Amino acid sequence: MEDYLEQIFQLIQGKGYARVVDIAERLGISQASVTNMIKRMDTEGLVIHEKYRGLTLSERGEEVARYIVRRHEILKRLLDMFGIDGETVHRDVEGMEHHISSPTLKALDGLVRLLESEPELVERARRLSEG
Ligand code: MN
């Protein structure tokens with residue numbers, strides 16, 4: 001469900017609403033699977049159906065989606081600093097983000113912000129990681 005919210009949020013940022021066909025394409029799954037998940041999200045009050053347009057997020061849905069997008073960004077910023085190739089970063093972030101708790105994310109957010117303000121620390125960490 002987190003991946004759905006992430007994609008719906010990004011589609012809405014782009015054109016104001018999200019259509020089932022676009023969500024299915026972005027996630028690489030069938031429209032039937034998307035429709036099923038959206039029913040669940042509707043039951044949980046996360047999405048709103050806009051007639052003739054598509055889906056938008058409820059206030060709660062948007063709150064959850066913002067957290068998910070922010071979590072992705074913090075993890076990506078951390079890994080990007082170490083010069084890891086983009087495809088690996090993407091794959092790792094997509095895996096890590098579903099397992100990380102909010103206290104751990106908070107800790108990493110602090111660490112990322114420290115490292116971004118002290119590039120020489122990043123250099124030292126990179127050298128240590130390279131043995
Ligand atoms: Mn993600």
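Because the structure is a prediction, the values reported are computed rather than measured.

Novice: Looking at this model, I keep getting lost on the side chain of E6. Mind explaining?
Specialist: Checked against the element boundaries, E6 lands in helix α1 (residues 2-15). R71 is the oppositely charged side chain nearest to the buried, salt-bridge-free E6, at an N-O distance of 6.4 Å. Ignoring anything within four residues of it in the chain, the contact list for E6 reads I68, V69, H72, E94 and E97.

Novice: Help me understand the nonpolar core in this model?
Specialist: Taken as a class, soluble globular proteins show a tendency for nonpolar side chains to be buried jointly. One finds I8, I23, M41 and L57 to be the most contacted residues of the largest nonpolar core, which totals 20 residues. Within the residue set of this core, elements represented by two or more residues are α1, α2 (20-27), α3 (31-43), β2 (54-57) and α4 (59-80). Sequence-distant contacts of I8, defined by excluding residues within four places in its chain, comprise A18, I23, M41, V47, L55 and L57. In this structure, L78, L108, V112 and V122 belong to the second largest nonpolar core, which totals 13 residues.

Novice: Would you explain the domain arrangement of the protein chain in this entry?
Specialist: Note on interface size: it is often stated as the accessible area lost on association of the parts. The domain architecture assigned to the protein chain consists of domain 1 (2-57) and domain 2 (70-130). Computed over C-alpha atoms only, the centres of domain 1 and domain 2 are separated by 28 Å.

Novice: Is there a simple way to explain the environment of L11 in this structure?
Specialist: Inspection of the secondary structure assignment puts L11 in helix α1. Among the residues examined, L11 registers a relative accessible area of 8% and is labelled buried. Taking the C-alpha atoms as reference points, L11 and L121, 110 residues apart in sequence, are found 37 Å from one another. Residue contacts for L11: discarding those within four places in its chain leaves G16, Y17, A18, D22, I23 and R26.

Novice: Got a minute to help me understand the coordination of the manganese ion in this structure?
Specialist: Reference values for coordination geometry: four tetrahedral donors around a metal ideally subtend 109.5 degrees, six octahedral donors ideally subtend 90 or 180 degrees. Around the manganese ion, the protein supplies E6 (OE), E6 (OE), H72 (ND1), E94 (OE), E97 (OE) and E97 (OE) as donor atoms, at distances of 2.3 to 2.7 Å. Of note is the manganese ion, whose 6 donor atoms meet at the metal with angles of 52 to 138 degrees in an arrangement that counts as irregular. The exposure class assigned to E6 is buried, which follows from its relative accessible area of 4%.

Novice: Mind showing me how you'd approach the environment of E73 here?
Specialist: Mapping E73 onto the fold places it in helix α4. Given a relative accessible area of 42%, E73 falls into the partly exposed group. Residues E73 and G28, 45 residues apart in the sequence, show an inter-C-alpha distance of 22 Å.

So, how was this worked out
Residues numbered from 1 in each chain as written. Predicted model: local features only at pLDDT ≥ 70, side-chain atom pairs only at ≥ 80, totals over all residues. Heavy atoms only, no water. Helix = DSSP H or I, 4+ residues; strand = E, 2+ residues; numbered from the N terminus. Buried < 20%, exposed > 50% of the residue type's maximum accessible area, 1.4 Å probe, protein only. Lys, Arg positive; Asp, Glu negative; His and termini not counted. Salt bridge = Lys/Arg side-chain N within 4 Å of Asp/Glu carboxyl O. Contact = heavy atoms within 4.5 Å. Core = buried A, V, L, I, M, F, W, Y, C linked by side-chain atoms within 4.5 Å. Domains from an automatic or database assignment. Donors = N, O, S within 2.8 Å, 3.2 Å for Na, K, Ca; no water. Tetrahedral: all angles 85-135°; square planar, octahedral: opposite > 155°, others 65-115°.

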